[in-house]
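In case you want the letters, here they are:
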Amino acid sequence: MIVTTKKLFEAAYGKYALGAYNINNMEQTMGLFQGNLESQAPFIIQISKGARSYTNKIMLENVIRGADEVFPEAIFAVHLDHGDEEACYDCIASGFYSSVMIDASHLEYEKNIEVTKRVVEAAHARGIVVEAELGQLGGVEEHVSVSEENAKLTNPDQAKDFVERTGCDSLAVAIGTSHGAFKFSGSQSLHFDVLSEIQKRLPGFPLVMHGSSSVPQEEVERINAAGGKLLGAKGVDATQFKQAAKLGVTKINIDTDGRLVWTRVHREYFLEHPEGFDLRAPGKIFMAEYAKFIHQKNDFLGSSGQLEEVRKLVS
Ligand code: G3H
Ligand code: 13P
Ligand code: ZN
């Protein structure tokens, strides 16, 4: 059942964080639904601009509609990840998305407010909720690349002003995470001090953590042992998710870790089966491994076991 992201946030706030998982194809979608049902978790499916154009946005949307039919017990929201204005308006008009993210964080402050406000007005007119971003994460996104030195943590006073002036429904904050598999050159540190100051100024308001893959070292080692070359890859400590949830983080974005599962499964499969060429054989292993991965993530997020509580709220 597709529900509004707002309801999921109301259920989770202060208790646990929802996993927001990016998908690009049918195999990821199958593993995603299976893993969330095995762990009895509500969740958010994220579609990036790149995913929408990988094949065709209609293909991907219909894969999700299909999964909704195959897994009628699942409760989830559908979210546009890192949208620009054009993508946001397209998703708002489609009627399929529960929420959109307008990412104007690379623009200067007043311009970010102006763009975000326009999207909020258009989305709210159709009952769709909006995630905005303030501050700059390090790493590479589709349309922006930010070095570690240039990443800017969210200013708590600005966060309050930004939310009041834009009317956005949730805010992605920069508190030390970054996108991709190479998050930290030194040791990792989430800035809970900054997060706590933001929560004090915006009590009850849903916050979002992007760039939250853990980049498990075991996964990286297996990929490299099977011919990969991911040197120095590092991620966020997943044992910190629950602490972040207590401080108002209700949505945690995870994409890279899922890509690592895909890479490990396929590299190992073809190394062990040099004669192989049946895409279904590694595909089946991937779906099962992806489901296992989602289940484990949800345990860290605290969303495991919350499905029936959410069902009461939405039905
Ligand atoms: O933050 C970006 C997400 O990981 C999506 O990546 O734009 O390559 O689909 P993508
Ligand atoms: P990761 O690259 O850490 O998985 O972050 C994904 C993300 O923030 C999607 O918006
Ligand atoms: Zn992101």
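Predicted, not measured: the structure shown is a model, and the values here were computed from it. (Residues numbered from 1 in each chain as written. Chains lettered and ligands numbered in written order. Predicted model: local features only at pLDDT ≥ 70, side-chain atom pairs only at ≥ 80, totals over all residues. Heavy atoms only, no water.)

S.K.: Is there a simple way to think about the site of ligand 2 in this case?
M.R.: Neighbouring ligand 2 are 15 residues; Asp-81, Lys-183, Ser-213, Asp-255 and Thr-256 lie closest to it. Between ligand 2 and the protein, one listed contact pairs an oxygen atom with a side-chain N or O atom of Lys-183 at 2.5 Å. With respect to ligand 2, the backbone of Gly-211 contributes an N or O atom lying 2.8 Å from an oxygen atom. The protein chains hide 96% of the 310 Å² of surface that ligand 2 would expose on its own. Taken together, the elements giving at least two residues each to the shell around ligand 2 come down to β3 (76-83) and β10 (249-254). Looking at the shell around ligand 2, its residues break down into one nonpolar, eleven polar and three charged. (Near = heavy atom within 4 Å. Polar contact = N/O pair within 3.5 Å; in protein donor to acceptor, adjacent residues only side chain to side chain. Areas by Shrake-Rupley, 256 points an atom, 1.4 Å probe, with all protein chains shown as cover. Helix = DSSP H or I, 4+ residues; strand = E, 2+ residues; numbered from the N terminus. Nonpolar A, V, L, I, M, F, W, Y, C, P; charged D, E, K, R; others polar.)

S.K.: Even after reading the chapter, I still don't get the coordination of the zinc ion (ligand 3), so can you show me in this structure?
M.R.: Each donor-metal-donor angle would ideally measure 109.5 degrees in four-coordinate tetrahedral geometry, or 90 or 180 degrees in six-coordinate octahedral geometry. Donor atoms from the polypeptide that coordinate the zinc ion (ligand 3) comprise His-82 (NE2), His-179 (NE2) and His-210 (ND1), at 2.0 to 2.1 Å from the metal. Sequence spacing of the donors to the zinc ion (ligand 3): H-x96-H-x30-H. Of this pair, His-179 sits in the loop between β8 (170-173) and α8 (192-201) while His-210 sits in the loop between β9 (207-209) and α9 (217-225), and the two are 31 residues apart along the sequence. The exposure class assigned to His-179 is buried, which follows from its relative accessible area of 13%. (Donors = N, O, S within 2.8 Å, 3.2 Å for Na, K, Ca; no water. Buried < 20%, exposed > 50% of the residue type's maximum accessible area, 1.4 Å probe, protein only.)

S.K.: How should I be thinking about the nonpolar core in this particular structure?
M.R.: Generally speaking, soluble globular proteins have nonpolar side chains that are buried together. In terms of nonpolar packing, the biggest core is built from 83 residues, with Ile-45, Leu-171 and Leu-195 touching the most fellow members. Considering each element in turn, this core owes the most residues, six residues, to helix α6 (residues 109-124). In contact with Leu-195, not counting residues within four places along its chain, are Val-173, Ile-175, Leu-207, Ala-244, Leu-247 and Val-249. Counting six residues, the second-largest nonpolar core is a separate cluster that includes Ala-181, Ile-223, Ala-233 and Leu-260. (Core = buried A, V, L, I, M, F, W, Y, C linked by side-chain atoms within 4.5 Å. Contact = heavy atoms within 4.5 Å.)

S.K.: Can you walk me through the environment of Pro-282 in this structure?
M.R.: Locating Pro-282 in the fold gives a position in helix α12 (residues 280-301). Residues Pro-282 and Val-265 lie 17 residues apart in sequence; the distance between their C-alpha atoms is 6.8 Å.

S.K.: Mind showing me how you'd approach the pattern of salt bridges here?
M.R.: Opposite charge on two side chains makes pairing possible when the charged atoms of those side chains draw close. Under the definition given, this model contains 26 salt bridges. Close ionic contact of Asp-90 with Lys-57 constitutes a salt bridge, the shortest N to O distance being 2.8 Å. Residue Asp-90 is located in helix α5 (residues 85-94), and its partner Lys-57 is located in helix α4 (residues 57-70); the two are separated by 33 residues in the primary sequence. In this structure, Glu-218 and Arg-222 form a salt bridge, with 4.0 Å as the shortest nitrogen-oxygen distance. One end of the pair is Glu-218 and the other is Arg-222, both in helix α9 and four residues apart, which spans about a single turn. A relative accessible area of 55% means that Glu-218 is categorised as exposed. Overlapping salt bridges bring together Arg-52, Lys-57, Glu-61 and Asp-90 as one network. (Salt bridge = Lys/Arg side-chain N within 4 Å of Asp/Glu carboxyl O.)

S.K.: Sorry, what's going on with the confidence of the model for the protein chain here?
M.R.: Reading predicted coordinates in detail is not appropriate for stretches of low pLDDT. For the protein chain, per-residue confidence averages 95 on the pLDDT scale, and 94% of positions sit at 70 or higher. By mean pLDDT, strand β6 (residues 139-140) is the weakest element of the protein chain at 56, and strand β1 (residues 18-22) is the strongest at 99. (pLDDT = per-residue confidence, 0-100.)

S.K.: Just checking my understanding: could you explain the packing of helix α1 (residues 5-12) against helix α13 (residues 307-314) for this structure?
M.R.: Two measures define how a pair of helices packs: the angle their axes make with one another and the distance between the axes. At a closest axis distance of 10 Å, the pairing of α1 and α13 adopts a crossing angle of 125°. Compared by their axis directions, α1 and α13 come out oblique. For α1 against α13, the interelement crossing comes out right-handed. Counting all contacts with α1, which are made through Lys-7, Leu-8 and Ala-11, the residues of α13 involved are Val-310, Leu-313 and Val-314. Within the contact of α1 with α13, the residues separate by chemical class into five nonpolar, no polar and one charged. (Axes fitted to C-alpha atoms, helices over the stretch in contact; angles between N-to-C directions. Parallel < 35°, antiparallel > 145°, perpendicular 65-115°, else oblique. Left-handed = near helix turned anticlockwise from the far one by under 90°.)

S.K.: What am I meant to see in α5 here?
M.R.: Because each turn of an α-helix spans 3.6 residues, side chains separated by three or four positions in sequence point in the same direction. Those residues of α5 that fall on the buried side of the exposure criterion are Ala-87, Cys-88, Cys-91 and Ile-92. Relative to the axis of α5, the buried residues are bounded by an arc of 135° and lie together on one face. The inward-facing, buried residues of α5 contact α3 (49-54), β3, β4 (99-102) and α6. Phi turns positive one or two residues past the end of α5, at Gly-95, with a value near 75°. (Arc of directions from axis to C-beta.)

S.K.: Before we go on, may I ask you to explain the packing of helix α2 (residues 26-38) against α4 in this structure?
M.R.: Contact pair α2 / α4: the axes reach a minimum separation of 10 Å and the direction vectors enclose 30°. Taken together, the axes of α2 and α4 are roughly parallel relative to one another. Crossing handedness for the pair α2 and α4: right-handed. Between α2, through Met-26, Thr-29 and Phe-33, and α4, the contact on the second element is made entirely by Val-63, Ala-67 and Asp-68. A breakdown of the residues in the contact of α2 with α4 according to their chemical character gives four nonpolar, one polar and one charged.

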